[in-house]
Amino acid sequence: MELINSILENTITQNVLNALVPLIFVLLYALVTLYMEMKLAAHMQDRVAYMHNGWHGTLQPFADMLKLLQKEDIIPSAANKILFVMAPYVVFVGTYASFAVLPFSSAYIGSSIDLGIFYLVAVSSLVVVGLLMSGWASNNKWSLFGSFRSAAQVISYEIPSVLAILAVVMIVGTMSLQGITEYQSGGIWNWLIFGGRLALWKKLLSIPFMIVLFIIYLVASMAEVNRTPFDLPEAESELVQGYNTEYSGMKFAIFYLAEYANLFIVSAVVVVLFFGGWSSPFGDFLNGPVWNAIWFITKGMLFVAINIWMRWTLPRIRVDQLMYVSWKVLTPFALFCVIVLGLLLVL
Amino acid sequence: MTPQEIHDIIKSQFGEIILEAKLENVPDPSIKIQPEKIKEVSLFLRDDERTQFDVLMCLSGVDYKGKLGVTYNLFSMTLKHKITVKVEAPTETPNIPSVESVWKTANWHEREAFDMYGIHFEGHPDLRRILMPYDWEGYPLRKDYETPEFYNGMRVPY
Amino acid sequence: MNETVHQEKISPTNGRSSTGKGLRTEEMVINMGPQHPSTHGVLRLEIVVDGEIIREVIPHLGYLHRCFEKHCEYMINYQQVVPYVDRLDYVASMNNEHAFVVAAERLLNIEIPERVHYIRIIMAELQRIASHLIAIGTFGIDMGAFTPFLHAFRDREKILDLFEMTCGARLLYNYMMIGGLSHDLPPQFIEKTKQFCVEFKQTLKEIDDLLNYNEIFIKRTANVGILPKDVAVNYACSGPMLRGSGVDWDLRRDDPYTLYDRFEWDVCIGKGENGTVGDVWNRHMVRQREMEQSVKIIEQAIVNIPEGDVKKAVPKRIRPVPGEIYSRTESPRGELGFYIVATDSLTPYRVKGRSPGFVNLSVINEISRGAMIADLVAIIGSTDIVLGEVDR
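These numbers were taken from a predicted model, which means no experiment stands behind them. (Residues numbered from 1 in each chain as written. Chains lettered and ligands numbered in written order. Predicted model: local features only at pLDDT ≥ 70, side-chain atom pairs only at ≥ 80, totals over all residues. Heavy atoms only, no water.)

A. A look at the domain arrangement of chain A. Residues and elements named next belong to chain A. Taken domain by domain, chain A comprises domain 1 (1-70) and domain 2 (81-346). Taken together, the contacts link 22 residues of domain 1 with 26 residues of domain 2. Buried surface at the junction of domain 1 and domain 2, both sides included, amounts to about 2100 Å², of which 76% is carbon and sulfur. Applying the counting rule to domain 1 against domain 2 returns one salt bridge. The salt bridge involving E37 is made with R311; its shortest N-O contact spans 3.5 Å. Run the count over domain 1 and domain 2 and you get six residue pairs in polar contact (both at pLDDT 80 or more). Secondary structure elements with two or more residues in the side of domain 1 that touches domain 2: α2 (11-44) and α3 (60-70). Among the elements that take part in the side of domain 1 that touches domain 2, α2 stands out by supplying 19 residues, more than any other. A breakdown of the residues in the side of domain 1 that touches domain 2 according to their chemical character gives 18 nonpolar, three polar and one charged. (Domains from an automatic or database assignment. Contact = heavy atoms within 4.5 Å. Buried area = accessible area lost by both parts, 1.4 Å probe. Salt bridge = Lys/Arg side-chain N within 4 Å of Asp/Glu carboxyl O. Polar contact = N/O pair within 3.5 Å; in protein donor to acceptor, adjacent residues only side chain to side chain. Helix = DSSP H or I, 4+ residues; strand = E, 2+ residues; numbered from the N terminus. Nonpolar A, V, L, I, M, F, W, Y, C, P; charged D, E, K, R; others polar.)

B. Local environment of unusual backbone geometry. Residues and elements named next belong to chain A. In this model, A49 sits at a positive phi of 60 degrees, which is unusual for a non-glycine residue. Turning to its location among the elements, A49 is positioned in the loop between α2 and α3. By relative accessible area, A49 is classed as partly exposed at 24%. Even without glycine at this site, H56 takes up a positive phi of about 50 degrees. Tracing the backbone shows H56 in the loop between α2 and α3. The class for H56 is partly exposed, based on a relative accessible area of 33%. (Buried < 20%, exposed > 50% of the residue type's maximum accessible area, 1.4 Å probe, protein only.)

C. Quick look at the pattern of salt bridges. Applying the stated rule across the entire model yields 56 salt bridges over all chains. Salt-bridge contacts for C:R392 lead to B:E112; the nearest nitrogen and oxygen are separated by 2.9 Å. Pair noted here: C:R392 is in the segment after α16 (387-391) and B:E112 is in helix α3 (residues 106-117), and the two residues belong to different chains. One exposure class covers both C:R392 and B:E112, and it is buried. Here C:D266 and C:K296 are joined by a salt bridge, their closest N and O atoms 3.7 Å apart. Within this pair, whereas C:D266 is found in the loop between α11 (251-254) and α12 (280-304), its partner C:K296 is found in helix α12, the two being separated by 30 residues in sequence. Assessed through its relative accessible area of 43%, C:D266 is described here as partly exposed. One network of salt bridges, with partners in common, ties together C:E125, C:R128, C:R243, C:D250, C:R252, C:E290 and C:E330.

D. Seen up close, the interface of chain A and chain C. The partner chain C presents 33 residues to the 25 residues of chain A that form the contact. Each partner contributes to the roughly 2500 Å² buried at the junction of chain A and chain C, and carbon and sulfur atoms together form 62% of this total. Our count for the chain A to chain C interface comes out at three salt bridges. Linking C:R154 and A:D46 is a salt bridge whose minimum nitrogen-to-oxygen distance equals 2.3 Å. On inspection of chain A and its partner chain C, the count reaches eleven residue pairs in polar contact (both at pLDDT 80 or more). Going through the elements one at a time, α7 (141-172), α10 (236-239) and α13 (319-346) of chain A are the ones with two or more residues in the side of chain A that touches chain C. When its residues are assigned to classes, the side of chain A that touches chain C shows eleven nonpolar, five polar and nine charged.

E. The arrangement of the sheet that holds strand β1 (residues 28-32) of chain C in detail. Across the sheet, which stays open at both edges, the three strands sit in the order β1-β2-β3 (chain C) with antiparallel pairing between neighbours. In this open sheet, the two edge strands, each paired with only one partner strand, are β1 and β3 (53-60) of chain C. The sheet shows a mean angle of 25 degrees between the axes of neighbouring strands, direction not considered. Examined bridge by bridge, β1(C) and strand β2 (residues 44-50) of chain C share five bridges and lie antiparallel to one another. Bridge pairing links C:N31 to C:E46 in β2(C). Each of β1 and β2 of chain C touches α7(A); the most contacted strand, β1(C), lies at about 110 degrees to it. (Pairing = 2+ DSSP bridges. Axes fitted to C-alpha atoms, helices over the stretch in contact; angles between N-to-C directions.)

F. Inspection of the packing of helix α5 (residues 114-142) of chain C against helix α6 (residues 147-167) of chain C at higher detail. Residue and element names in this part refer to chain C. Where α5 meets α6, the axes come as close as 9 Å, and the angle between the chain directions of the two elements is 155 degrees. Between α5 and α6, the angle is such that the two are roughly antiparallel. Note that α5 runs across α6; the crossing there is left-handed. Between α5, through M123, L126, Q127, I129, A130, L133, I134, G137, T138 and I141, and α6, the contact on the second element is made entirely by F149, A152, F153, D155, R156, I159, L162, F163 and T166. Here the contact of α5 with α6 is built from residues that sort into 13 nonpolar, four polar and two charged. (Parallel < 35°, antiparallel > 145°, perpendicular 65-115°, else oblique. Left-handed = near helix turned anticlockwise from the far one by under 90°.)

G. Highlighting the sheet that holds strand β8 (residues 350-354) of chain C. Residue and element names in this part refer to chain C. Sheet architecture is open: three strands sit in the order β6-β7-β8, paired in antiparallel fashion. In this open sheet, the two strands that pair with only one neighbour each are β6 (323-331) and β8. Each adjacent strand pair in this sheet contributes to an overall mean axis angle of 15 degrees, direction not counted. Looking at chain direction, β6 and strand β7 (residues 334-342) are connected through nine bridges and run antiparallel. Bridging across to β7, Y326 finds its partner in Y339.

H. Inspection of the packing of aromatic side chains at higher detail. Summed over all chains, the structure comprises 42 aromatic pairs over all chains. Seen from their ring centres, A:F104 and A:F264 are 6.4 Å apart, and the 15 degrees between their planes marks the pair as stacked. In this pair, A:F104 sits in the loop between α4 (81-98) and α5 (116-124) while A:F264 sits in helix α11 (residues 249-274), placing the two residues 160 residues apart along the sequence. Each member of the pair, A:F104 as well as A:F264, carries the same accessibility label: buried. Where A:W312 meets C:F146, the ring centres are 5.7 Å apart and the plane angle is 75 degrees; that geometry is what we call edge-to-face. (Phe/Tyr/Trp six-rings, centres within 6.5 Å; stacked < 30°, edge-to-face > 60°.)

I. A look at the environment of A:K71. Mapping A:K71 onto the fold places it in the loop between α3 and α4. A sequence separation of 179 residues divides A:K71 from A:M250, and the C-alpha atoms of the two residues are 7.4 Å apart.

J. Highlighting the arrangement of the chains. Inter-chain contacts occur across two pairs of chains; the most extensive set of contacts lies between chains B and C. Across all C-alpha pairs, the smallest distance from chain A to chain B is 25 Å, and the two are not in contact.

K. Local environment of the environment of C:G168. All names here are of chain C. With respect to the helices and strands, G168 occurs in the loop between α6 and β4 (176-177). On the accessibility criterion, G168 (56% relative accessible area) is exposed. Residues G168 and Y118, 50 residues apart in the sequence, show an inter-C-alpha distance of 20 Å.

L. Molecular detail of α5(C). Residues and elements named next belong to chain C. End to end, α5 covers 41 Å across 29 residues, agreeing with the expected 42 Å (1.5 Å per residue, within 8%). Of all the 29 residues making up α5, 28 are buried; the element is thus mostly covered by neighbouring parts of the structure. Downstream of α5 by a residue or two, G144 has a phi angle that is positive, lying close to 95 degrees. (Expected span 1.5 Å × (residues − 1).)

M. Layout of the interface of chain B and chain C. With 41 residues of chain B at the interface, the matching set in chain C holds 37 residues. Where chain B abuts chain C, roughly 3400 Å² becomes buried across the two surfaces, and 57% of that area is made up of carbon and sulfur atoms. Contact with chain C buries area across many residues of chain B, yet B:M77, B:W108 and B:L131 alone supply 20% of it, more than any other trio. A salt bridge links B:E112 to C:K352, with the nearest nitrogen and oxygen atoms 3.3 Å apart. The interface formed by chain B and chain C holds 23 residue pairs in polar contact (both at pLDDT 80 or more) in total. Looking at the side of chain B that touches chain C, the elements that each hand over two or more residues are β3 (55-63), β4 (67-75), β5 (82-90) and α3 of chain B. If one sorts the elements of the side of chain B that touches chain C by residue count, β3(B) sits on top with nine residues. Counted by class, the side of chain B that touches chain C contains 22 nonpolar, six polar and 13 charged residues.

Dropping the structure here:
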């Protein structure tokens, strides 16, 4: 008992346990989202999707995962083996590390650092390195195309999304995600999409700009996670499968997992930045550490669902249009909003 | 314009190049001309005010046993008349001028005729096989064609 | 499209600067296909790209070459060619059969009962709708929109059910015979077809809302792969490819075969509501509108269909008069012609299929130079090729 206690109280053990929580969450979440995506897509397309394994096919995601685990792991003979093997893990590490600063609840956050959002932006850029690695190492021209597109895309869209984040940080005055969430607690009216806790006239003036920033961030985040209409890096009909063309089995599964995890991260960031994070929309009602987690995950999943909805509705845009949207539409608008909000705050 | 009139126009323009003409009581009236004149005739038929054959509907190679023929099915979209022009060349020296520069669509059709019959279209910019593999030997649609035993080490007849 | 790019003669081997000065970029040769999701089968395109910009497209065909023409010369009689014809354009088999039997009947001089003509027209138009649904659905996939594809396939399934009811097959029918049909219409066919026509109009609207007027879709397809009128005619393009370029031309109206001249319908051409006439969007919309017109024809045909025996004119022994014929019909992809040389033997001496896909595809290098890789996908999609008929 003593031993167990001493192990549990050890900081290293605690950190490991702390870090395990998001991992479990990601795995469960991926299964749920896989199921949700398939079902949502199917119902939008006049079909029913999986129905056979379990009630309404609920066991299908497990079967899919088992299939991927059992598949032969092929490394192309002409591939750069070290980079090829490393790439999916680099991508996953970049994604997983972001979970460290996500405030799941008032009681749980992996690491409540002051530079939370800054860290998140920095770490999620690591994904690009992984994608470039995979495209290069595959020794496949289509993969290379995919990874170049992906690098160009993620870097371009980082700018409008960071500008949107900057506006929020300006209002709140902290980069800590926990801090941003706490700032918005106390009911729906305090959420940053409605201007947060600013004085009433400032609040009313800032609402349109916050909505624009929210849309900019939503679009940019969709582009950052490479989902339709911005799924150019893996554009199935153009680049076969993009950077992960040559991957199979578990390595492909890790790419897949990372994509889904990334989807949750950007949705969670939207929630934290604009929709009160874990805070309940009803002030103190339904509030508390557990309720906080439920609110956070529900809100996050809502945006995941919106992403899925977009994906199955819209066609894909072209590379030049992608750049156009980022540099000539989103970035100027975001800059304008940031300037206006800055003036508003100074007044 | 009736086939007879088209026949007369060609005759008056080029003189005695028409070898044979089937104009009555056939589903498609046809005119057989000397093979070396086909390009000039095509260009004339396309550009002349009276004929305006702007579309080459189809170009087919035919093996007449001993001779290889090419059939050009022409059509005019503006005047809505048709004519079939035919040429023949001996199997040993199947050289026929290309009409690729007249109708671009002939490009692939001629490649196909070359592929299947070995008809050599002079002046074609890119006369390669099109349907068969590039290293296939022989011309499969010729009547005396015999299936090779092996292709690149693989048995062909099954 | 950039004029200078058009005229530049590029050899695949020497890389050159794309801007003329400054950063020097190498050209890259990529194989698109034969296994590629959007070459619609086993088409192989060797493309020379400068970054994402296409400099040259070199198609390589023949991966699905099944020796159709050679097979025809080994048939016992003409009727035996029909199942082979089915397999040319395997998503529009009825139209292929129709083209071949019309050619053979003209060659043999057979008069067929009116009922047969009507049933053939109904079948051909239903098949045209089914084929266009595939074209539109897969084109949506090429553009990254997956949902319209399934909506299109749902309705295609209904058409296949009608075919199954009639002749037992869902894809390759062997339904039309020289001089007639293998089966008469089943009892509920007329009623179910009427019902389908009513339901189908809803789907047309659905596809319009979901795909055709989607802002992203228009941005992706308008002003891409413009095929000018004169080039289209010179390349003998046909079908929606030609009509998309604004040429008012349809064989059903302008060179009528069977009884098409009895029906009232319009030829749809690219009007250039979005983009330029002759671009991918207009070509795509021609197909969309053609489906409406096909429904119109079917509705008239099922009302006016006369009684009769569908096998009355089927000859016991098909012995043609020596001669040759080129006969063409309007298949969903364009002008499908058969050039048949007959001797006095029972087997055809020579059959050449002039497939619209083959001819339409030959223009691809001309219209995709200077476009991007994503545009090439759009251009291939809008050409609507079926490799079965391109390679034969």
